[in-house]
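Okay, here's what each chain looks like letter by letter:
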Amino acid sequence: MDRRILFVEDDSDIREIVAHGLENQGFEVAAEGDGRQALVRFHRDPFDAIILDLMLPSLNGLEICRRIRVDSPVPIVMLTARTETADVIAGLEAGADDYVTKPFEIDELIARLRAVLRRTERSVEVDHVDVGDLRIDQGAFKAFRDGAEVNLTTIEFRLLNELARSAGRVMSREVLLETVWGYEYLGDSRIVDMAVKRLRSKIEDDPSNPRLIQTVRGVGYRLES
Amino acid sequence: MSSVRPIPPVRFRRRLTVAFVLIAALSAGIIAVVSFTLVRADRYRSLHERAVGASALALSLAGSADRNDDVEITAEEIVAHLSSRQSFEVVAVSEEETVSSVASIDEEELPSEFETSSQDPDFLHQEVEIDGRPYLVVRPQETVNSVTLNVLFSAGALEGQLDRLASILLRTWLGVVALAGLVGLVVARRALRPVARASEAARSLAEGLLETRLPVERHDEFGAWAVSFNEMADALQEKIEALMEAHARERRFASDVAHELRTPITGLVASASLLRGKLGELDPDTRWSAERLLGQVTRMKALVEELLEMSRFDEGRESLSLDKVEPQDFVNSLLTQRGWAGLVRCEIEATALVVDGRRLERILGNLVDNAVEHGDGEVELRWRTANAWMTIEVRDEGPGIAEADKSRIFDRFYKADPSRSGGTGLGLSIALENARILGGDISVENLESGARFTVRLPLP
């Protein structure tokens, strides 16, 4: 199955090289070098995932990310220049599911891309989990709150699903990184924090005073059962 | 920056105040003592005058009483004659008897030696204390019928006045001293305020507030001082700002270079990873070159990444992201990921802790990398926690570090052995920067064989 990827990067050489690498691995790639055009393209054609550079002419990656997230849960991997600065946080806050730091190996980018595209394995014995007034339908890959569907990205759904499967128990950031994002032990746990923040904004009544997803300081998170 | 504690400005102020008080006390004291002495002398002189006058009167009264009768007058009769006088007492001494107008005074208490009066050489006088009361005794040289008269004048009232005067003087003196202390304190504070202000200004300059200046409000020495202080601060600020700008320019250049390199490196790394997949399809000669190329690309990627990391340290906008770290797991996965699994012997006596895992990984990764690179043998890693600190030692079996290199080993791009290829020269520097961000430090020492790097980090 060919996954359609929108790849937004302003440097034409890198665009060419990376697009070539992705195509080698069986992805169908549409490459764009301009932010505004990329957004137009996204609304015109359907895509399975987006790879987004942060520094772009006309409209930067963060803004594109935010605009896409208004109505789409499409998986987004962003390319950042730095691992430390506010860039990463800002990108994750804007709704990106994962990030890759420049310079990067193509293999690494593809691994991250596959991780955000991967859906939860269909569970054999149960097809949904109920936690409080939340229903997580693993078959349909959807979450409901009081019967109304909550619009979640793939990563957010998987995160909620993992927390729900261990409802009432603390899950460490490391375990979540591994099960949800497919990272090895030494990943960047800020991805988890940001995804939890986004998830809270969608399922909590008061995201600044969360009732469902509790933070356990220095360890991780717990979904109240 | 020196850590000398500023001397509190109170000390000099106190000294100035004490000096002020001492001078006031001394001069007021001298004035009081001198005036008391003068008053006392004056009062005694007038008492003396009155006493001599009264004694002359007593003598003539006694003489006239003697002449009235044919019988020679006795001491007792003289005393009886004179005892009606209120202003003095009389002790008459003849060869046969001593008669006193007061019972409590007899011959024994009279002074044995007299001075000749300066008023009238016919009279002798002496001051004496009888039963705790001061008296002035006047003795005419002349006798009446060989009876020597001793005329006693009480100086009690006079001494009482003098005592009162002394007490007034003492109280005034104390008042003057207290007032001087108060005035001295105020004056000293006022006088030293520019000094206090200047030292505060100097301190804030030293702390980096280069805009600090002194107000010039007085046309005196302090005003001139403030002007030259400000001139110094201007010069200092100018120099430091120029230096800082040059330094910032230098760092900006390094940072710009690293950032500019990133795009072509990203292209290089990406295409290198495509090439890596095709290595098997190349003929041996081309493949040899391609492998070298890939190796150099990897090296260059590491260098640019480290340069970028350095420029982030320089920007000083470093944040912490805390994770729970299980030391044993942490070290195991680090060693496995970096391919050092069989090379490092670990001794871990530490329980789980909360720390910035990525920074800790940078520190340990770079130290172990350095030890593996230069160690020529087994590397030993010891991780312990004690009190509020965790200590991680990385020890190698290499030649150790020359004394000359020790102080520079953490400098950027410093390589103790320039002939060695590989490594960017930034690894130890990055490890140290990260340790400092975590509130700790890294030290290095030579052992009998090899070197030992010790990381000390505070536990949360």
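Reference entry: report on the structure contained in this document. (Residues numbered from 1 in each chain as written. Chains lettered and ligands numbered in written order. Predicted model: local features only at pLDDT ≥ 70, side-chain atom pairs only at ≥ 80, totals over all residues. Heavy atoms only, no water.)

A short note on the pairing of strand S2 (residues 27-32) of chain A
All names here are of chain A. Both strand S1 (residues 3-8) and S2 contribute to a ladder of six bridges, which runs parallel. Each bridged residue has a counterpart across the sheet, and for phenylalanine 7 the counterpart in S2 is alanine 31. Handedness of the crossover joining S1 and S2 through helix H1 (residues 12-24): right-handed. (Pairing = 2+ DSSP bridges. Helix = DSSP H or I, 4+ residues; strand = E, 2+ residues; numbered from the N terminus. Right-handed = clockwise from strand over helix to strand, strands pointing away.)

A few points about the interface of chain B and chain A
Counting residues at the interface gives 35 residues for chain B, matched by 28 residues for chain A. Of all residues in chain B, Leu274, Arg312 and Arg358 of chain B give up the largest surface area on contact with chain A, accounting jointly for 21% of the area buried on that side. Taken together, chain B and chain A are joined by one salt bridge. Between glutamate 105 of chain A and arginine 276 of chain B there is a salt bridge, and its shortest N-O distance comes to 3.1 Å. There are two residue pairs in polar contact (both at pLDDT 80 or more) connecting chain B and chain A. Only helix H4 (221-277), helix H5 (284-315), strand S7 (323-325), helix H6 (327-338) and helix H7 (357-375) of chain B provide two or more residues apiece to the side of chain B that touches chain A. (Contact = heavy atoms within 4.5 Å. Buried area = accessible area lost by both parts, 1.4 Å probe. Salt bridge = Lys/Arg side-chain N within 4 Å of Asp/Glu carboxyl O. Polar contact = N/O pair within 3.5 Å; in protein donor to acceptor, adjacent residues only side chain to side chain.)

Observations regarding the pattern of salt bridges
Two side chains with opposite charge may pair up if their charged atoms get near one another. Evaluation of the coordinates by the stated rule reveals 39 salt bridges over all chains. For the salt bridge of glutamate 156 of chain A with arginine 198 of chain A, the shortest nitrogen-to-oxygen distance reads 2.8 Å. Taken together, the positions of glutamate 156 of chain A in helix H6 (residues 154-165) and arginine 198 of chain A in helix H8 (residues 190-203) put the pair 42 residues apart, joining distant regions of the chain. For the pair shown, glutamate 156 of chain A and arginine 198 of chain A are each scored as buried. As a salt-bridge pair, lysine 406 of chain B and glutamate 403 of chain B come within 3.5 Å of each other at their nearest N and O atoms. One end of the pair is lysine 406 of chain B and the other is glutamate 403 of chain B, both in helix H8 (residues 403-406) and three residues apart, which spans about a single turn. Take lysine 406 of chain B: its relative accessible area is 25%, and that puts it in the partly exposed class. Bridged by salt links that share partners, the residues Arg4, Glu28, Glu32, Arg41, Arg44 and Asp45 of chain A form one connected network. (Buried < 20%, exposed > 50% of the residue type's maximum accessible area, 1.4 Å probe, protein only.)

Considering the packing of aromatic side chains
Applying the stated criterion across every chain yields a total of five aromatic pairs over all chains. Centroid distance phenylalanine 141 of chain A to phenylalanine 157 of chain A: 4.4 Å. Interplanar angle 40°. Geometry classified as tilted. Of this pair, phenylalanine 141 of chain A sits in the loop between strand S7 (134-137) and strand S8 (142-145) while phenylalanine 157 of chain A sits in helix H6, and the two are 16 residues apart along the sequence. Ring geometry for phenylalanine 88 of chain B against phenylalanine 153 of chain B: centres 5.6 Å apart, planes inclined by 55°, an arrangement best described as tilted. Of the two residues, phenylalanine 88 of chain B is situated in the loop between helix H2 (75-82) and strand S1 (89-93) and phenylalanine 153 of chain B in strand S6 (residues 148-154); the sequence distance between them amounts to 65 residues. Residue phenylalanine 88 of chain B is classed as buried on the basis of its relative accessible area, which comes to 5%. (Phe/Tyr/Trp six-rings, centres within 6.5 Å; stacked < 30°, edge-to-face > 60°.)

With respect to helix H7 (residues 173-181) of chain A
Think of an α-helix as turning once every 3.6 residues; residues three or four places apart then point the same way. Of the residues making up H7 of chain A, those classed as buried are Arg173, Glu174, Leu176, Leu177, Val180 and Trp181 of chain A. Down the axis of H7 of chain A, the sector holding all buried residues measures 165°, keeping them to one side. (Arc of directions from axis to C-beta.)

Let's talk about the sheet that holds S7 of chain A
Residue and element names in this part refer to chain A. Pairing within the open sheet is antiparallel, and its four strands lie in the order S6-S7-S8-S9. Sheet topology places strand S6 (128-131) and strand S9 (148-150) at the edges, where each strand pairs with a single neighbour. Averaged over all pairs of adjacent strands, the angle between their axes in this sheet comes to 25°, without regard to strand direction. Note: S7 against S8, four bridges, orientation antiparallel. Residue pairing in the sheet places aspartate 137 in a bridge with lysine 142 of S8. Across the face of the sheet, H6 comes into contact with S6, S7 and S8 while running at roughly 110° to S7. (Axes fitted to C-alpha atoms, helices over the stretch in contact; angles between N-to-C directions.)

Some details on helix H2 (residues 35-44) of chain A
Residues and elements named next belong to chain A. Buried within H2 are the following residues: Gly35, Ala38, Leu39 and Phe42. The buried residues of H2 occupy one face: seen down the axis, they fall within an arc of 100°. Exposed residues pointing more than 90 degrees away from the buried face of H2 are listed as Val40 and Arg44. Looking at the buried residues of H2, the elements they touch are S1, S2, strand S3 (49-53) and helix H3 (61-69). Sitting at the head of H2, aspartate 34 places a side-chain oxygen 3.0 Å from the backbone nitrogen of arginine 36.

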